[in-house]
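Structural characterization, general
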2 protein chains.
Amino acid sequence: MSPPSKAVFYENHGPPDTVTKSIIQLPPVEIKANDVCVKMLASPINPSDINRIEGVYPVRPPVPAVGGYEGVGEVHSVGSAVQGISPGDLVMASPPSPGTWQTHVVKDKSFWHKLDRGTPVEYAATITVNPLTAFRMMEDYVDLKSGDSIVQNGATSMVGQCVIQLAKLRGIHTINIIRDRSGSDEAKEKLKKLGADQVYTEGQLDVKNVKSLLGDVPEPALGFNCVGGNASSLVLKFLRQGGTMVTYGGMAKKPVTVSTSSFIFKELSLKGFWLQKWLGPDKTEACRETIDYLLGLIREGKLKYK
Amino acid sequence: MSPPSKAVFYENHGPPDTVTKSIIQLPPVEIKANDVCVKMLASPINPSDINRIEGVYPVRPPVPAVGGYEGVGEVHSVGSAVQGISPGDLVMASPPSPGTWQTHVVKDKSFWHKLDRGTPVEYAATITVNPLTAFRMMEDYVDLKSGDSIVQNGATSMVGQCVIQLAKLRGIHTINIIRDRSGSDEAKEKLKKLGADQVYTEGQLDVKNVKSLLGDVPEPALGFNCVGGNASSLVLKFLRQGGTMVTYGGMAKKPVTVSTSSFIFKELSLKGFWLQKWLGPDKTEACRETIDYLLGLIREGKLKYK
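Residues numbered from 1 in each chain as written. Chains lettered and ligands numbered in written order. Predicted model: local features only at pLDDT ≥ 70, side-chain atom pairs only at ≥ 80, totals over all residues. Heavy atoms only, no water.

Put simply, the rule is: UniProt positions are given in the numbering used here, feature names are shortened, and annotations may be inferred rather than shown by experiment.
The name given to chain A in an unreviewed UniProt entry is Enoyl-[acyl-carrier-protein] reductase, mitochondrial, and the organism recorded there is Mikania micrantha. Recorded in UniProt under Catalytic activity (unreviewed entry), the annotation for chain A is "a 2,3-saturated acyl-[ACP] + NADP(+) = a (2E)-enoyl-[ACP] + NADPH + H(+)". Of the comments in the UniProt record for chain A, the one headed Subcellular location (unreviewed entry) reads "Mitochondrion".

Below you can see the structure in the form of structure tokens.
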């Protein structure tokens, strides 16, 4: 049997601070032959976790449910038929799956991906949703080559920081757009230290021809939008003829607005990225390979975020 | 030498009714060995012809220029090395090229595509821009199968009428959106006679769930937008998960507005179609083959428009 598990639990969808008010204690569960019981060490709160609790996320576990989707832990005990995973091993839910906001999680061994002992826990816990999004968006839409460039808004986000560093490793330039607010100078410096080629606040881009700012940086073939509204229009303005903008978030809660001529004469394509869609049952291996690659970069000091 | 040619000519870009005020007479030109001199019979006025004269079209002939881009004519005389085209033959500019608004056009024989004698002149003159757009948009974006469906706005346009009929021939359903205006009932009847499965005015689609109207018609995988504004939002609402909207016009002069969730959760793709881009130098054969196919449908009574 597993130890009892303290869990952030919700019986109904609603505002998270109401429906997850009390942390409950779940009773011990049987550890079957192929099960692994993991003592969770860290599990992040993503905006999509909040949306799942609110009941507005298109794919969500049925209620009652335990919150959370990502997480890393230490193996507490294993079923009688489990080989290759032992108590004390560091493992993560991969592909991610619901219910990581609790102290002990018992799931079939296939749910767990074993990690090198030296992997930093705070990165392992947060590697799937945002860094994997950055990686896939750079792979799946445009065939980028060294010397090409990317434009993105929301560049201080975790995805944004990963895009900058993954691009740098491949010799790809990044043009980064951030909000106008106090601290934007410090944010610019931080992004440049990560490898950003150019960083602008939205206000700095209130010029007739944003491309005149590019200098030696080539016009980007690919853009990422996680904001919407004016910030997405700025991404579109930077894109080169035939470029693609991928939307993966809408933090400004404003729609994307596109001129007819952007479609017809500039031949832009607009698409969306949804990690949960990519993470199908056939993607377990691809997901784990990418996670291992990204965690390797982290151990080498080539990828960091906070 | 060719006969002198009366031409709609403009020396500078500007409002068409100003810059093309007088029709001029161009002097006779030499007919070289490979040239064909054509007496033009019919040449339409497309919105893009107007935009070229205004100077706002992204690709346009240098001024001074003769207007027009499509057209059909009868061969008047041929150069000494021309074989296979003789005086009296019906020919059209294919791929289309600038300068068809004149009485006699002299161009290399490679510019001309010979047509069957029985081809109706009014269709031959107008077959390239709009019907070819309809045909390519149905071929180049989504792999449509019999039983699928398409949604489009601006359905009474020439492109819209061609989409309905070409879809019908392939067993593809069409959902058609038209403006609210007097005569919309007649317009609906006309489109249904052409083969439209469903026709709605924009006002009729001011309902919470447009898809509840579909009945047995499957959710469309492909949508065409030539209007923008609310009419493009209606196309997006009809599209199924993962569907594609192709913009080829913007008659309402309003942008396309798209929610973030349409990109991320509904996984819609938005693209544009520009015939002039498709009509590259390598497309002469493909263009002529399609034109012959479309003119064949017209002769068989399977494609008509006005």
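Now that the structure has been shown, we can carry on.
**Focus: the overall build of chain A**
For the record, the criterion: Helix and strand definitions here come from DSSP, where helices need a minimum of 4 consecutive H or I residues and strands a minimum of 2 consecutive E residues; each element is numbered from the N-terminal end. For this measure, only C-alpha atoms enter the radius of gyration; the expected value for a globule follows 2.2 Å times N^0.38, where N is the number of residues. A 1.4 Å probe and the Shrake-Rupley method give the accessible areas. Residues count as covered only by the protein chains that appear here. Counting rule applied: Lys, Arg positive; Asp, Glu negative; His and chain ends not counted. For charged residues, the charge sits on one atom: NZ in Lys, CZ in Arg, CG in Asp, CD in Glu.
Helices and strands together make up the secondary structure of chain A, namely ten helices and 15 strands. Over its C-alpha trace chain A gives a radius of gyration of 21 Å, about what one expects of a compact globule, namely 19 Å for 306 residues. Referenced to the eigenvectors of the C-alpha coordinate spread, the extents of chain A come out at roughly 65 × 40 × 35 Å. Roughly 13,500 Å² of accessible area belongs to chain A as shown, and the carbon and sulfur atoms make up 51% of that amount. Once the 35 positive and 31 negative side-chain charges of chain A are each reduced to a mean point, those two points are 2 Å apart.

**So, the UniProt feature "domain: Enoyl reductase (ER)" (unreviewed entry) in chain A**
UniProt feature "domain: Enoyl reductase (ER)" (unreviewed entry): in the numbering of this structure it lies at residues 14-247 of chain A. In the segment residues 14-247 of chain A, helix accounts for 26% and strand for 24%; the C-alpha atoms at its two ends are 26 Å apart.

**Side note on empty space enclosed by the protein**
Residues and elements named next belong to chain A. Definition in use: Any residue with an atom within 4 Å of a point lines the site, the site being either a cavity, points on a 1 Å grid over the protein atoms alone where a 1.4 Å probe fits but cannot get out, or a pocket, an open set with protein on both sides within 12 Å along at least 5 of 7 lines. Grid points are joined across faces, edges and corners, and a volume is the space filled by probe spheres set on the points.
Inspection of the entire model under this criterion finds three cavities of 30 Å³ or more. When its volume is computed, the largest cavity comes out at roughly 50 Å³. Along the walls of the largest cavity sit Tyr-10, Asp-49, Arg-52, Ile-53, Pro-61, Val-66, Gly-67, Gly-68 and Pro-98, which together make up its complete lining. Here the lining of the largest cavity takes three residues from helix α2 (residues 47-54), the largest share from any one element.

**Focus on the relation of the copies chain A and chain B**
Inclusion rule: The copies are overlaid by a least-squares fit using only the C-alpha atoms of residues whose pLDDT is at least 70 in both copies.
Note on the identical chains: chain A maps onto chain B by a rotation of 180 degrees and an axial translation of 0.0 Å, with an RMSD of 0.0 Å. On the angle and the small slide along the axis, the relation comes out as a two-fold axis.

**Focus on unusual backbone geometry**
This is how the line gets drawn: Remark: exposure states derive from per-residue accessible area (1.4 Å probe, protein chains only) relative to the maximum for the residue type, with buried under 20%, exposed over 50%, and partly exposed in between.
B:Pro64 follows B:Val63 through a cis peptide bond whose omega is -5 degrees. With omega at -10 degrees, the peptide bond leading from B:Ser94 into B:Pro95 counts as cis. Within the secondary structure, B:Pro95 is located in the loop between β6 (90-93) and β7 (104-108). Despite not being glycine, A:Lys253 has its phi angle at roughly 50 degrees, a positive value. Residue position: A:Lys253 is located in the loop between β13 (244-247) and β14 (256-258). A relative accessible area of 80% means that A:Lys253 is categorised as exposed.

**Observations regarding the interface of chain A and chain B**
To keep things clear, this is the line we draw: We call two residues contacting when some pair of their heavy atoms lies within 4.5 Å. Note on definitions: buried area is the accessible-area loss of two parts on being combined, 1.4 Å probe, summed for both. For the purposes of these results, a polar contact is taken to be a pair of N or O atoms within 3.5 Å, where, inside protein, one atom must be able to donate a hydrogen and its partner to accept one; residues adjacent in sequence count only when each atom of the pair is a side-chain atom.
With 25 residues of chain A in contact, the opposing surface of chain B contributes 25 residues. Carbon and sulfur atoms make up 67% of the surface buried where chain A meets chain B, a total of about 2,100 Å² over both sides. On the chain A side of the contact with chain B, A:Phe263, A:Ile264 and A:Phe265 bury the most area, a combined 27% of that side's loss. Our enumeration of links across chain A and chain B arrives at three residue pairs in polar contact (both at pLDDT 80 or more). Mapped onto the side of chain A that touches chain B, the elements with two or more residues apiece are β14, α8 (260-264) and β15 (269-272) of chain A.

**What about the packing of aromatic side chains?**
Put simply, the rule reads: Here the aromatic set is Phe, Tyr and Trp, taking the six-membered ring for Trp, and pairing holds for ring centres within 6.5 Å; pairs whose planes are under 30 degrees apart are stacked, those over 60 apart are edge-to-face, and all others are tilted. By definition here, charges over rings are those cases where NZ of Lys or CZ of Arg is within 6 Å of the ring centre and within 35 degrees of the ring normal.
On inspection of all chains with the given rule, the structure shows twelve aromatic pairs over all chains. Measuring from ring centre to ring centre gives 6.1 Å for A:Tyr57 and A:Trp274, while their planes differ by 70 degrees; the resulting arrangement is edge-to-face. Residue A:Tyr57 is located in the loop between α2 and β4 (65-66), and its partner A:Trp274 is located in the loop between β15 and α9 (275-278); the two are separated by 217 residues in the primary sequence. This pair shows no difference in class: A:Tyr57 is buried, exactly as A:Trp274 is. Site record: aromatic cluster; members linked through ring pairs are A:Tyr57, A:Trp274 and B:Phe265. For A:Arg52, the ring lying beneath its charged end belongs to A:Tyr69, and the centroid distance is 4.1 Å.

**Topic: helix α5 (residues 158-169) of chain B**
Side chains of residues three or four places apart in an α-helix project in the same direction, reflecting 3.6 residues per turn. Residues and elements named next belong to chain B. Applied cut-off: Working rule for helices: expected span equals 1.5 Å times residues minus one.
The end-to-end C-alpha separation of α5 is 17 Å, in line with the 16 Å expected for twelve residues at 1.5 Å each. Of all twelve residues in α5, nine are buried; the element is thus mostly enclosed. All of the buried residues along α5 are Val-159, Gly-160, Gln-161, Cys-162, Val-163, Ile-164, Gln-165, Leu-166 and Ala-167.

**As for the pattern of salt bridges**
All names here are of chain B. The following threshold applies: Throughout this description, the term salt bridge denotes a Lys or Arg side-chain nitrogen within 4 Å of a carboxyl oxygen of Asp or Glu.
On inspection of all chains with the given rule, the structure shows 22 salt bridges over all chains. One salt bridge connects Asp-116 with Arg-299, and the closest N-O pair in it is separated by 3.3 Å. Here Arg-299 lies in helix α10 (residues 284-299) and Asp-116 lies in the loop between β8 (112-115) and α3 (121-124), a separation of 183 residues in the sequence. Glu-139 is paired through a salt bridge with Arg-170; the nearest N and O atoms lie 3.4 Å apart. Within this pair, whereas Glu-139 is found in helix α4 (residues 129-139), its partner Arg-170 is found in the loop between α5 and β10 (173-178), the two being separated by 31 residues in sequence.

**Section: the environment of A:Pro61**
All names here are of chain A. In this structure, Pro-61 sits in the loop between α2 and β4. With a relative accessible area of 14%, Pro-61 lands in the buried category. Along the chain, Pro-61 and Ala-124 lie 63 residues apart, while their C-alpha atoms are 23 Å from each other. Those residues within four positions of Pro-61 in sequence are excluded, and the remaining contacts are Tyr-10, His-13, Arg-52 and Pro-98.

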